[in-house]
Structure formats: structure tokens, C-alpha cells
Amino acid sequence: MLEETLALQRAAYFAQPYPSRAERQVDLLKLKAFIQDNRDAIVDAISADYGNRSRHETLFAEVYGIVDGVDHAVGHLRKWMKPQRVSTPVYLQPASAYIQRQPLGVVGIIGPWNYPLQLTLGPLATALAAGNRAMIKPSELTPRSSALLAELLHGAFSADEVAVVQGGPDVAHAFASLPFDHLMFTGSTAVGRKVAEAAARNLTPTTLELGGKSPCIIDASCSATDMAGVALKIAHGKLINAGQTCIAPDYVLLPHGREPEFEQAYARAVGQLFPALAGNADYASILTDRHHARLKSMLDEAQSGGARVSEMSPPAASGQPGNAHSRQMA
């Protein structure tokens, strides 16, 4: 099926390799329309996949971002598609030269679970803006939102324009092994290595957006008065999607001796953002029991190694580092 879909899209690309600006705008506005028209269903599906995820977070972090990205692409298409004149060496005169950006063909997109809408449809919007066809493999860890995405995309686009393939790791590996004209992947470094290895067999160009470490640095110039605002900003960045964000702050570097000051300010900031964590519909759950257990084991390992774990949540969280029933992590 994968090979047949790729062949279908590639044939459609060769039949019309240079879609006009008007045609690309139609595709982008079609994408924007189905997101807006199905906003509530998308929010509900993602929350169901998580066990709980704030409606406001999904709207802010996913829906609005995609709509804004589509509007940006539509507004810049004319400039992006315009030939760019470049200088010509004197020995080639009277020739002239220019750069003409052209579609690549069929683009593969492997989406992640932490932002299943934004980090799947964002790459799709860029592929469509560039005049490409696209095949999408959403994450199997968010089955409801992946199934909804497939239903909505297949209803809005023909199979030779945009196709969604669902399945587990075996399907993902087969997908990455296809000879795409470009492959985009968002996810962990470990899986990224496997994607790059599979794509390399076909010399497929890749764009890999992988996990990393995101430190927050508090400089010595930060005053005691400023610390409250600094802690609030760090807490906001950390607790969106309960920390399940590739650029969520991982650790803080600050002047020696000011750790207690930051700890107290951070505790107040968490309480300001979330008066309670357990049972709070505005605080996301950890995606799966396996992910929750892994995080808990990291806390246990740190404590066994001599670290002091300080719980940044009110007593409503039952004094535990995690709520096993709802998978809401303190």
C-alpha cells in the first residue's frame, strides 16, 4: 500500500510538477478551513489520547499556531515563488542568471505524539506551500487524534495530493524507507537515528527535529525582585503540556547559593499557574502509563543517588511526585 500510494502521488506530481500560486493557496486555505471547522473534535481527540489535556493548551499550542502558519504561507507565496536574480560573472556576459525555486515532488512527514496536530500539519503546510504532494505517518501513541487527522485529511484532499498512513513502529520503518523526495521527522534522537539510517539507503534528504536539552540560565545580575518574574516564565515554559515539549526547560543554571531563593520562587509560580495539579483539567496528564512510570523511575534514581526531590505542587496532589490514577505529574 505504501509503495502504491507513493507511486500514485509521484505520477500526479510528474503530470503537474509546477502548481500555480492560486492552486497552492487553495490547498492551504482548505487545510486552514478543516482545522477551524473541526476544532472542537480535534481538541477532544487529543485530550482523550492523553487522558486529560487542557482545551486552552491545545488551542494555544496547536490550533492557533497552524492557522497562523497557513496565513503566513499564503501571504508570502508570491515572494517565495518569484525568481531571484543573481549576479553573473563577467566572462559569461551577456548572459543573466536567476534562482527559480521548484517543488521537490513527494514529501514524507512522520509526526510525533506530543503535539500531534501542530508538528504534523505544520510540515504539511510548508510542503503544500512549496507545491509538493505529501504522505503522512502520524504517531501510533495518539490513536484517536491520528485517526481523526486521517479522516479529515482524506475528506479534504485526494489521495494523490495528501495521504495518511497509520500503524506502529513497523509501518514507521517501512514509511521512512520509501524513496521520498524529502522526509521530515519530529521525535526523539534515538528514533531519529533510525529514520536517518532508513532514509540514507535511498539518499533521501531529511529534516530531523529531535529532542535536546534546554537549560535556563539565571545570571548574577538577576535581582531578588526579578526572581519572581523569572521563575514564573520558567514555570510557564516547563508546565505547558506537563513538560512534554521538546524545548521545555530541562534544568536551571544559577549563581551558587541562590538555589533556595529560586526554589521558593518557583514553588510560588507553580501555585500561581495551577492552584492544584491533581484533578485539574487545565494540567495535562503524562501520555501513557509507560511514560509516567519512566518519569517516576527517574525521580527514584535521583533520590537513590543522593538528590533531594522537592515537590512543586500544593497539598492537593496528595504529597506524591505523581498521580498514578490520572498520570498528572507533580
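Above this note sits the structure.
Below you will find a few notes about this structure. Only a predicted model underlies this, so the values are computations on that prediction, with no experimental measurement involved.

## Considering the layout of surface pockets
Reasoning step 1: Taken as a whole, the second largest pocket encloses approximately 310 Å³ of empty space.
Reasoning step 2: Around the second largest pocket, the lining comprises 15 residues; the ones closest to its centre are Thr126, Ala127, Ala129, Ala130 and Asn132.
Reasoning step 3: Among the elements that make up the lining of the second largest pocket, the one with the highest residue count is helix 5 (residues 118–129) (three residues).
Reasoning step 4: For the lining of the second largest pocket, a count of residues per class yields nine nonpolar, four polar and two charged.

## Things to note about the packing of helix 9 (residues 224–239) against helix 10 (residues 259–273)
Reasoning step 1: Two elements in contact, helix 9 and helix 10, have axes separated by 8 Å at closest approach and are oriented at 55°. What the angle tells us is that helix 9 and helix 10 run oblique. Judged by the twist between their axes, the crossing of helix 9 over helix 10 is right-handed. Here Ala224, Met227, Ala228, Ala231, Leu232, Ile234, Ala235, His236, Lys238 and Leu239 of helix 9 come into contact with helix 10, specifically with Glu261, Phe262, Ala265, Tyr266, Ala269, Val270, Gln272 and Leu273.

## Here's the deal with helix 8 (residues 189–200)
An α-helical segment advances 3.6 residues per turn. Residues three or four places apart therefore align on the same side.
Reasoning step 1: In this model, helix 8 (12 residues) spans 16 Å end to end at C-alpha, consistent with the 16 Å of a helix rising 1.5 Å per residue.
Reasoning step 2: For helix 8, the complete set of buried residues consists of Gly192, Val195, Ala198 and Ala199. Looking straight down helix 8, one finds that the buried residues subtend no more than 125° of arc, so they occupy a single side. More than 90 degrees from the buried face of helix 8, the exposed residues found are Arg193 and Lys194.
Reasoning step 3: Of the surrounding elements, those touching the buried residues of helix 8 are strand 3 (106–110), helix 7 (169–176), strand 6 (182–187) and strand 7 (206–210).

## So, the pairing of strand 6
Reasoning step 1: With five of six residues buried, strand 6 is to be regarded as a mostly interior element.
Reasoning step 2: Where strand 3 lies against strand 6, four bridges are found, and the strand directions are parallel. Bridging from a neighbouring strand, Val107 pairs with His182 of strand 6.
Reasoning step 3: Two strands pair when backbone bridges link them, and strand 6 and strand 7 are joined in this way by five bridges, in the parallel orientation. What sits directly across from Gly187, in strand 7, is Leu210.
Reasoning step 4: In this fold, the crossover linking strand 6 to strand 7 by way of helix 8 has right-handed handedness.

Reading the values: the criteria
- Position numbers for residues start from 1 in each chain and track the written sequence from start to end.
- Per-residue local features are limited, in this predicted model, to residues with pLDDT of at least 70; the limit for side-chain atom pairs, both in listing and counting, is 80 or more; totals at the level of whole chains, interfaces and linings are taken over all residues.
- Think of the side-chain values as coming from all heavy atoms in the structure, minus any hydrogens and water.
- Buried and open spaces are told apart on a 1 Å grid over the protein atoms alone, a cavity being a set of points where a 1.4 Å probe fits but cannot get out and a pocket being an open set with protein on both sides within 12 Å along at least five of seven lines. Residues with an atom within 4 Å of a point are the lining residues.
- Grid points are joined across faces, edges and corners, and a volume is the space filled by probe spheres set on the points.
- Helix numbering and strand numbering both begin at the N terminus, where a helix is a DSSP run of H or I of at least 4 residues and a strand a DSSP run of E of at least 2.
- Think of it as three bins: nonpolar holds Ala, Val, Leu, Ile, Met, Phe, Trp, Tyr, Cys and Pro, charged holds Asp, Glu, Lys and Arg, and polar takes everything else, Gly as well.
- Helix axes are fitted only over the stretch in contact, all axes being lines through C-alpha atoms; the angle between N-to-C directions runs from 0 to 180 degrees.
- Angles below 35 degrees are treated as roughly parallel, those above 145 as roughly antiparallel, those between 65 and 115 as roughly perpendicular, and all remaining angles as oblique.
- In a left-handed crossing the near helix is turned counterclockwise from the far helix by less than a right angle, and in a right-handed crossing that turn is clockwise.
- Contact criterion: two residues are considered in contact whenever any of their non-hydrogen atoms come within 4.5 Å of each other.
- Take the number of residues in a helix, subtract one, and multiply by 1.5 Å to get its expected span.
- Buried residues are those whose accessible area, probed at 1.4 Å on protein chains only, stays under 20% of the maximum for their type, while exposed residues exceed 50% and partly exposed ones sit between those limits.
- To be clear, the arc concerns the directions from the helix axis to the C-beta atoms.
- Strand pairing is defined by DSSP finding a minimum of two bridges between the two strands.
- Handedness of a crossover is defined as follows: orient the strands so they point away from the viewer, and if the path from the first strand over the helix to the second runs clockwise, the crossover is right-handed.

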